[in-house]
Amino acid sequence: LLNNQKIPEFKISEININNLNQQVSISGKIISQKNFDNFSVLTLEDQTGKIQVTCNCKINNTEIKVIGRVTEYQNNLQVSADKIIQTNNLLNKKTY
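Since the model is a prediction, treat every value here as computed from it, not as a measurement. (Residues numbered from 1 in each chain as written. Predicted model: local features only at pLDDT ≥ 70, side-chain atom pairs only at ≥ 80, totals over all residues. Heavy atoms only, no water.)

Draft legend 1. Summary view of the overall build of the chain. Counting its regular elements, the chain contains zero helices and five strands. Looking at the 96 residues of the chain, the share that counts as buried comes to 36%. The long-range fraction of contacts in the chain, counting pairs at least 24 apart against all pairs at least 6 apart in sequence, stands at 45%. For the chain, the computed accessible surface area is about 6,200 Å², with 43% contributed by carbon and sulfur atoms. (Helix = DSSP H or I, 4+ residues; strand = E, 2+ residues; numbered from the N terminus. Buried < 20%, exposed > 50% of the residue type's maximum accessible area, 1.4 Å probe, protein only. Contact = heavy atoms within 4.5 Å. Areas by Shrake-Rupley, 256 points an atom, 1.4 Å probe, with all protein chains shown as cover.)

Draft legend 2. Examining the sheet that holds strand E5 (residues 76-86) more closely. Read around the closed barrel, the five strands follow the order E1-E2-E3-E5-E4; overall the barrel is mixed. Neighbour to neighbour, the strand axes of the sheet diverge by 55 degrees on average, direction disregarded. Inspection of the sheet shows strand E1 (residues 23-35) paired to strand E2 (residues 40-45) by six bridges, in the antiparallel sense. Across the sheet, residue Ile30 finds its bridge partner in E2, namely Leu44. (Pairing = 2+ DSSP bridges. Axes fitted to C-alpha atoms, helices over the stretch in contact; angles between N-to-C directions.)

Draft legend 3. Seen up close, the packing of aromatic side chains. The tally for this structure, following the rule as stated, stands at one aromatic pair. Seen from their ring centres, Phe36 and Phe39 are 5.0 Å apart, and the 20 degrees between their planes marks the pair as stacked. Among the residues examined, Phe39 registers a relative accessible area of 32% and is labelled partly exposed. (Phe/Tyr/Trp six-rings, centres within 6.5 Å; stacked < 30°, edge-to-face > 60°.)

Draft legend 4. How the structure looks around the pairing of strand E4 (residues 63-73). Here E1 pairs with E4 via seven bridges, running antiparallel. Residue pairing in the sheet places Lys29 in a bridge with Glu63 of E4. With antiparallel pairing between neighbouring strands as the criterion, E4 and E5 make up a hairpin whose turn holds two residues, including Gln74 at a positive phi of roughly 50 degrees.

Draft legend 5. Summary view of the nonpolar core. Ile26, Leu44, Val53, Val66 and Ile84 are the most contacted members of the largest nonpolar core, which totals 19 residues. Elements with a contribution of two residues or more to this core: E1, E2, strand E3 (50-55), E4 and E5. When sequence neighbours within four positions are dropped, the list of residues in contact with Val66 reads Val24, Ser25, Ile26, Leu44, Val53, Val79, Ala81, Lys83 and Ile84. (Core = buried A, V, L, I, M, F, W, Y, C linked by side-chain atoms within 4.5 Å.)

Draft legend 6. Representation of the state of the cysteines in the model. One pass over the full model with this rule turns up one disulfide. Between Cys55 and Cys57 runs a disulfide, and the two sulfur atoms are separated by 2.1 Å. For the disulfide bridge between Cys55 and Cys57, the dihedral angle about the S-S bond is near -80 degrees, and by the sign convention the bridge is left-handed. There is no split in this pair, since Cys55 and Cys57 are both buried. (Disulfide = S-S within 2.5 Å.)

Draft legend 7. Local environment of the side chain of Gln78. The residue Gln78 is located in strand E5 in this model. By relative accessible area, Gln78 is classed as buried at 13%. Once residues within four sequence positions are removed from consideration, Gln78 is found in contact with Ile51, Gln52, Thr54, Arg69, Val70, Thr71 and Tyr73.

Spatial relationships are all this shows, so hold off on functional conclusions.
Have a look at this one:
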């Protein structure tokens, strides 16, 4: 899944319908988080926009990098996270 292929980095505003089902890397700040029984929905924001990220994780409100696949839910694009890396504190870097 996450072998040594180079995953393209995107600004959130650059993600569009042409990226559907493609693997992408985005970075930003979590501005909200909704936790459900077996997954969470994060709202991630960078300087260019916001996007929903789904993951099997619970994370403190922080800066993160997400590697995942662009999906569509209720006519909105979102990213289904394969890997999340906290980036605001590199000394305590955690990968989910």
